Amino acid sequence: MNLTANQKTSIPEEKHLKKKWFLMDVKGKLLGDVATKIANLLRGKDKPLFTPQIDCGDYVVVINAKHIKLTGKKMDDKMYYWHTQYPGGIKSRTARQLLDTKPEKVLTDAVYGMLPRNKTRKHLMRKFHVFPEATHTLIAQNPQIIEL
């Protein structure tokens with residue numbers, strides 16, 4: 001860290017940022033609690049060298065996304081909308097339908113919404129990997145298991 005006589009704040013450099021891989025099993029966990037924890041890990045808010053404008057977060061691998069829980073009647077009331085770019089092309093699905101077809105999209109959208117709305121969001125989402133079942137392809141990275 002370069003500190004001169006006039007500087008009062010230190011900005012971490014890439015060589016000081018140690019990026020880790022974490023594995024999180026979300027089977028039976030609540031969507032909001034999991035998404036908050038993942039967003040904080042991706043940003044690096046738990047590190048003492050956290051700086052908002054620098055990517056100092058870790059990589060997160062999530063398994064069992066198909067078995068995530070939502071409270072209350074959100075499984076049937078929560079709607080996911082998208083547009084096909086054709087006139088009258090608004091489409092929607094409930095959270096239950098989306099969990100059956102694309103279970104990773106529910107968790108990805110929740111984490112995406114909890115990240116800052118600037119240019120770093122795209123880079124942070126590249127460090128986030130979701131798998132619908134217990135098997136994953138990132139064994140070579142040797143991720144540490146993390147609990148909520």
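Preceding this paragraph is the structure being described.
First, a word on what this report is: a plain description of the structure on this page.

Cut-offs and rules
- Residues numbered from 1 in each chain as written.
- Predicted model: local features only at pLDDT ≥ 70, side-chain atom pairs only at ≥ 80, totals over all residues.
- Heavy atoms only, no water.
- Pairing = 2+ DSSP bridges.
- Helix = DSSP H or I, 4+ residues; strand = E, 2+ residues; numbered from the N terminus.
- Buried < 20%, exposed > 50% of the residue type's maximum accessible area, 1.4 Å probe, protein only.
- Right-handed = clockwise from strand over helix to strand, strands pointing away.
- Expected span 1.5 Å × (residues − 1).
- Contact = heavy atoms within 4.5 Å.

1. Brief notes about the sheet that holds strand E6 (residues 144–145)
- Pairing within the open sheet is parallel, and its four strands lie in the order E5-E2-E1-E6. Edge positions in the sheet fall to strand E5 (128–130) and E6, since each of these pairs with one other strand and no more.
- With five bridges connecting them, strand E1 (residues 21–25) and strand E2 (residues 59–63) associate as parallel partners. Across the sheet, residue Phe22 finds its bridge partner in E2, namely Val60.

2. Some points on the pairing of E1
- Within E1, four of the five residues are buried, which leaves it mostly tucked inside the rest of the structure.
- Between E1 and its parallel partner E2, the chain crosses via helix H1 (residues 31–43), and the hand of that crossover is right-handed.
- The pairing of E1 with E6 spans two bridges and is classified as parallel. What sits directly across from Leu23, in E6, is Ile145.

3. What about H1?
- Taking 1.5 Å as the rise per residue, H1 with 13 residues should run 18 Å; its terminal C-alpha atoms sit 18 Å apart, in good agreement.
- Of the positions making up H1, those classed as buried are Leu31, Val34, Ala35, Ile38, Ala39, Leu41, Leu42 and Arg43.
- In this fold, the buried residues of H1 make contact with E1, E2, helix H4 (103–114), helix H5 (120–125) and E5.
- Directly after H1, the chain includes Gly44, whose backbone phi takes a positive value near 85°.

4. Quick look at the pairing of strand E4 (residues 90–94)
- Taken together, the five bridges between strand E3 (residues 79–83) and E4 define a ladder with antiparallel strand orientation. Looking across to E4, one finds that Tyr81 is bridged to Ser92.

Everything listed here is a matter of coordinates, which is why it stays silent on function.
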